[in-house]
Amino acid sequence: MDITRLIQRIPKAELHLHIEGTLEPEMMMALARRNEIELPYSNVDEIRDAYDFSNLQSFLDVYYAGARVLREEQDFFELTRAYLERAAEDNVCHVEIFFDPQTHTERDIEFATVVDGIDRALRDGRSRLGITFRLIMCFLRHLSAEDAMATLEAALPFKDKIDAVGLDSSELGHPPSRFTEVFNRARDEGFLTVAHAGEEGPPAYIREALDLLNVERIDHGVRCLEDPDLVARLVEEQVPLTVCPLSNVKLCVFDSLEQHNLKQLLQHGLCVTVNSDDPSYFGGYIGENYRRTQEALELSEDDIYTLAKNAFVASFLGDTEKQRYISELDQAMTSP
Ligand code: ADE
Ligand code: ZN
């Protein structure tokens, strides 16, 4: 079968997606108007022109500025609904999405406004589109550990809606170790844990995320190849890496998709998955990430299967649901 068709038809899980990073320029303009917020852009072309990044921080500055248009519960609902509709077009059947509460509570938006809007859209997406979900709350690592702890406490009344905690934002200079106590508390409260590590930061940050934060998955993790002992451990423990190829190129982690190390990661036997990170800012949703990476690295059908299967294995779904999705994947691989 044509591999592009195969990529389209296989059921997919997305495990690394910042909901604020799905804010398309059209929606940014519309919400700015509705909420009477001034933007430094006068049209969508100017917004897109600003998406020319030299590193993670240059992106985050634009991304946090864009998120200011999100104010009401309905805004978070519409943002999440639009993402799910777009994901359904790529045959995504399970999502585990991040949100950054501090980006909003810092602007005096209530925690409930954010979580309730996202959760309402997730439940709506499950009933209308059949997309199952988990929700992951990320702490902003450029802010203090005390801020993160206060955010965790604010989240406790919403435990039924939040499955896991994560760590994102500016990586360099903000090692996971600063958040050990917060992650211990989160685990005691019953949350699963993940962390961004080894995107721009060194392999030592991946080790800290494993040893000190006890995370179940590493978000990005592409710099692990600089440390062979770490690679051996990640393979042995089958720690999932949620890799985001188009993001890595847009943020200059790799000079081009052809130079991305995803195929090497696979060849080492690592549990690699493909994800879109902030698709509105990085030029493609998950299908585009699969297609462009397949083309650039000449991935085989087997590689595509492994990537898609890894995402179900690495998900926070129960074993029965994982098996159901993997059977559907197997069928999609073989049926004419
Ligand atoms: N927040 C949104 N996208 C991110 C990324 N790729 N790395 C760190 N923090 C982020
Ligand atoms: Zn990310």
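First things first, this report covers the structure right here in the doc. Because the structure is a prediction, the values reported are computed rather than measured. (Residues numbered from 1 in each chain as written. Chains lettered and ligands numbered in written order. Predicted model: local features only at pLDDT ≥ 70, side-chain atom pairs only at ≥ 80, totals over all residues. Heavy atoms only, no water.)

All right, on to the packing of helix α16 (residues 301–314) against helix α17 (residues 319–334) then. It is at 9 Å that the axes of α16 and α17 come closest, and there the two elements cross at 165°. With respect to α17, the element α16 is oriented roughly antiparallel. Relative to α17, the crossing made by α16 is right-handed. For the pair formed by α16 and α17, the contact residues are Glu301, Tyr305, Ala308, Lys309, Phe312 and Val313 on the first element and Lys322, Tyr325, Ile326, Leu329, Asp330 and Met333 on the second. Among the residues making up the contact of α16 with α17, the classes are represented as 8 nonpolar, no polar and 4 charged. (Axes fitted to C-alpha atoms, helices over the stretch in contact; angles between N-to-C directions. Helix = DSSP H or I, 4+ residues; strand = E, 2+ residues; numbered from the N terminus. Parallel < 35°, antiparallel > 145°, perpendicular 65-115°, else oblique. Left-handed = near helix turned anticlockwise from the far one by under 90°. Contact = heavy atoms within 4.5 Å. Nonpolar A, V, L, I, M, F, W, Y, C, P; charged D, E, K, R; others polar.)

Before going further, it helps to spend a moment on the coordination of the zinc ion (ligand 2). Those protein atoms acting as donors to the zinc ion (ligand 2) are His16 (NE2), His18 (NE2), His196 (NE2) and Asp277 (OD), and they sit at 2.1 to 2.3 Å. Around the zinc ion (ligand 2) sit 4 donor atoms, and with donor-metal-donor angles ranging over 81 to 174° the site reads as irregular. We note that the donor set of the zinc ion (ligand 2) lies within a single chain, spaced as H-x1-H-x177-H-x80-D. Placement of His18 in strand β1 (residues 12–18) and of Asp277 in the loop between β8 (271–274) and α14 (279–282) is noted, with a sequence separation of 259 residues between them. A residue is classified by how much of its surface remains accessible, and His18, at 4% relative accessible area, is buried. The exposure class of Asp277 is buried, given its relative accessible area of 2%. (Donors = N, O, S within 2.8 Å, 3.2 Å for Na, K, Ca; no water. Tetrahedral: all angles 85-135°; square planar, octahedral: opposite > 155°, others 65-115°. Buried < 20%, exposed > 50% of the residue type's maximum accessible area, 1.4 Å probe, protein only.)

Next up on the list: unusual backbone geometry. Of note, Asp108 is a non-glycine position whose phi angle comes to about 65°, a positive value. Locating Asp108 in the fold gives a position in the loop between α6 (101–105) and α7 (111–129). Phi angles above zero are rare outside glycine, and Cys252 is one such case at about 65°. Inspection of the secondary structure puts Cys252 in the loop between α12 (245–250) and α13 (262–267).

The subject of this paragraph is the packing of aromatic side chains. Aromatic ring pairs are defined here through the distance separating the ring centres and the angle between the ring planes. For the coordinates displayed, the defined rule picks out 13 aromatic pairs. Ring geometry for Tyr51 versus Tyr281: centroids 4.6 Å apart, planes at 40°, classification tilted. A residue pair is termed long-range when its members are at least 10 positions apart, and Tyr51 in the loop between α3 (44–49) and α4 (56–66) and Tyr281 in helix α14 qualify at 230 residues. By relative accessible area, which is 1% here, Tyr281 ends up buried. A ring pair is formed by Tyr63 and Tyr281, whose centres lie 5.9 Å apart and whose planes are at 75°; its orientation type is edge-to-face. With a gap of 218 residues between them, Tyr63 in helix α4 and Tyr281 in helix α14 connect regions that are remote in the sequence. Taken as a pair, Tyr63 and Tyr281 share a single burial class, namely buried. Site record: aromatic cluster; members linked through ring pairs are Tyr51, Phe53, Phe59, Tyr63, Tyr64, Tyr281 and Phe282. (Phe/Tyr/Trp six-rings, centres within 6.5 Å; stacked < 30°, edge-to-face > 60°.)

On to the site of ligand 1. What surrounds ligand 1 is the set His18, Leu56, Phe59, Leu60, Tyr63, Asp168, Ser169, His196, Glu199, His220, Asp277 and Asp278. In this structure, His18 approaches ligand 1 through a side-chain N or O atom, which is 3.3 Å from a nitrogen atom. One nitrogen or oxygen atom from the side chain of Asp277 is found 2.7 Å from a nitrogen atom belonging to ligand 1. Look at ligand 1: alone it shows 260 Å² of surface, and the protein chains cover 100% of it. (Near = heavy atom within 4 Å. Polar contact = N/O pair within 3.5 Å; in protein donor to acceptor, adjacent residues only side chain to side chain. Areas by Shrake-Rupley, 256 points an atom, 1.4 Å probe, with all protein chains shown as cover.)

Moving on, we get to the sheet that holds β8. Taken together, 8 strands build an open sheet; the order of strands is β1-β2-β3-β4-β5-β6-β7-β8 and the sheet is parallel. Looking along the sheet, the strands with just one partner apiece sit at the ends: β1 and β8. The average undirected angle you get between the axes of adjacent strands in this sheet is 25°. For strand β7 (residues 240–243) and β8, the ladder comprises 4 bridges, and the chain directions are parallel. What sits directly across from Pro240, in β8, is Cys271. Contacts between α7 and the sheet are confined to β2 (92–99) and β3 (132–140), with β3 contributing the most and set at about 155° to the helix. (Pairing = 2+ DSSP bridges.)

The next subject is the pairing of β7. Residues of β7 alternate between two faces, with Pro240 and Thr242 on one and Leu241 and Val243 on the opposite face, all of them buried. Bridge analysis of strand β6 (residues 217–220) against β7 gives 2 bridges, and the strand direction is parallel. The residue bridging Asp219 from the neighbouring strand is Thr242, located in β7. Between the parallel elements β6 and β7, the chain passes through helix α11 (residues 228–236) in a crossover that is right-handed. (Right-handed = clockwise from strand over helix to strand, strands pointing away.)

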